[in-house]
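One letter stands for each residue in the lines below.
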Amino acid sequence: MGRSKGQYALLEALRTAHRASSHGWVTESPGLSRDSVERLVMAGLAEWADPVQRAELSAYAGRPVAWAARPSGEGHDVLLYAEARARPTPQPPPEPEPGPDQREVALLPSEMTMVRLYLSLADRLERPPAAGLDEAVRTARFRKEANRWLLHVTDEQTASIAYAFYLEGQWGHVTAANRFGRTYGIIHRPRAGTASSAEPTAAGQ
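In this report, the structure presented in the accompanying data block is examined. This one's a predicted model, so the numbers in the text were calculated from it and none came from an experiment.

## Observations regarding helix α7 (residues 155-169)
Stage number 1. Taking 1.5 Å per residue as the helical rise, α7 with its 15 residues ought to reach 21 Å, and the 21 Å between its terminal C-alpha atoms agrees with that figure.
Stage number 2. Within α7, burial applies to Q157, T158, A159, S160, I161, A162, Y163, A164, F165, E168 and G169.

Here's what the structure looks like:
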């Protein structure tokens, strides 16, 4: 640390003696002399008792108390901060892996908004989202450094995401559908024929 180890150890000793004191002040004790404590006072890490407080301490002790000190607010905070700084940084838990029937899909925030809008219409859609997609979205993790939402989804749920981007594409916003197709190889393309024949296809088909 920036301050000398000796000064830090002295501040710790002052705090220990202060905690053990019945009256909240430290007087001459093993390892603590007036000269050593004065160094802490000069650094703003401790404070002296004033004459009124020393008179009260003298009456309490039944003898003259020449000096008394205690850690200052800064001294207390320096010790508290140093202890927190010395503690090892907790390691984040490992990120969950996709299940055996899942893949990891990374979506931009704007794409995640499209998927959430699609999910909000679930009960009214002719082609509703695949089962479990709402849970996959709810438990998605945002990776700040990549600016991506990470989802673990099945093939059916992946196809539903492609369908959400297809719906957005009908308003002329085809970037999401095109990026998803390039990255994950799936684009929803309606097929001419019966009303229920629209299916997602591999990109490029």
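Resuming the write-up.
## What to know about the packing of helix α5 (residues 109-120) against α7
Stage number 1. α7 packs onto α5 with a crossing angle of 95° between their chain directions and a minimal axis gap of 9 Å. Regarding the angle of α5 to α7, the classification is roughly perpendicular. For the pair formed by α5 and α7, the contact residues are E111, M114, V115 and Y118 on the first element and S160, I161, Y163, A164, F165, L167 and E168 on the second.
Stage number 2. Tallied by class, the residues present in the contact of α5 with α7 amount to 8 nonpolar, 1 polar and 2 charged.

## Focus on the packing of α7 against helix α8 (residues 175-184)
Stage number 1. Closest axis-to-axis distance for the α7/α8 pair is 8 Å, and the angle between their directions is 150°. When the axis of α7 is compared with that of α8, the two are roughly antiparallel. Residues T158, I161, A162 and F165 of α7 pack against A176, A177 and F180 of α8.
Stage number 2. Residues of the contact of α7 with α8, tallied by class, amount to 6 nonpolar, 1 polar and no charged.

## Quick notes on the environment of L14
Stage number 1. By the element assignment, L14 lies in helix α1 (residues 5-20).
Stage number 2. In sequence terms L14 and R87 are 73 residues apart; their C-alpha atoms lie 22 Å from each other.
Stage number 3. Those residues in contact with L14 that lie beyond four places of it in its chain are V26, L32, L40, A46, A69, R70 and P71.

## Side note on the nonpolar core
Stage number 1. In terms of nonpolar packing, the biggest core is built from 26 residues, with L107, V115, L133, I161, F165 and F180 touching the most fellow members.
Stage number 2. Of all the secondary-structure elements, those providing two or more residues to this core are β3 (103-107), α5, α6 (133-138), β5 (148-153), α7 and α8.
Stage number 3. No other element matches α7, which puts 6 residues into this core.
Stage number 4. Once you skip the residues sitting within four places of it in the chain, V115 turns out to touch L107, L133, V137, I161, A164 and F165.
Stage number 5. Y8, L10, V26 and L40 belong to the second largest nonpolar core, which has 16 residues in total.

## Quick look at the pattern of salt bridges
Stage number 1. Tallying each qualifying case throughout the model produces 8 salt bridges.
Stage number 2. Salt-bridge contacts for E38 lead to R34; the nearest nitrogen and oxygen are separated by 3.7 Å. On the criterion of helical spacing, the pair formed by E38 and R34 is a turn pair, its members being 4 residues apart in helix α2 (residues 34-42).
Stage number 3. Using a relative accessible area of 31% as the deciding quantity, one classes E38 as partly exposed.

## Comments concerning the packing of aromatic side chains
Stage number 1. Summed over the entire model, instances satisfying the criterion amount to 6 aromatic pairs.
Stage number 2. On the numbers, 5.8 Å between centres and 75° between planes, the contact of Y118 with Y163 is edge-to-face. In this pair, Y118 is assigned in helix α5 and Y163 in helix α7, connecting sequence segments 45 residues apart.
Stage number 3. Note on F180 and Y184: the rings are 5.0 Å apart at their centroids and 50° apart in plane angle, and the pair reads as tilted. You can see F180 and its partner Y184 sitting in helix α8, 4 residues apart, about one turn around the helix. The same class applies to F180 as to Y184, namely buried.
Stage number 4. A network of ring pairs unites the aromatic residues Y118, Y163 and Y166 as a single cluster.
Stage number 5. When the ring centre of W149 is taken as reference, the NZ or CZ atom of R116 above it lies at 5.0 Å.
Stage number 6. Over the aromatic face of Y163 sits the side chain of R127, whose NZ or CZ is 5.3 Å from the ring centroid.

Definitions and cut-offs
- Residues numbered from 1 in each chain as written.
- Predicted model: local features only at pLDDT ≥ 70, side-chain atom pairs only at ≥ 80, totals over all residues.
- Heavy atoms only, no water.
- Helix = DSSP H or I, 4+ residues; strand = E, 2+ residues; numbered from the N terminus.
- Expected span 1.5 Å × (residues − 1).
- Buried < 20%, exposed > 50% of the residue type's maximum accessible area, 1.4 Å probe, protein only.
- Axes fitted to C-alpha atoms, helices over the stretch in contact; angles between N-to-C directions.
- Parallel < 35°, antiparallel > 145°, perpendicular 65-115°, else oblique.
- Contact = heavy atoms within 4.5 Å.
- Nonpolar A, V, L, I, M, F, W, Y, C, P; charged D, E, K, R; others polar.
- Core = buried A, V, L, I, M, F, W, Y, C linked by side-chain atoms within 4.5 Å.
- Salt bridge = Lys/Arg side-chain N within 4 Å of Asp/Glu carboxyl O.
- Phe/Tyr/Trp six-rings, centres within 6.5 Å; stacked < 30°, edge-to-face > 60°.
- Lys NZ or Arg CZ within 6 Å of the ring centre and 35° of its normal.

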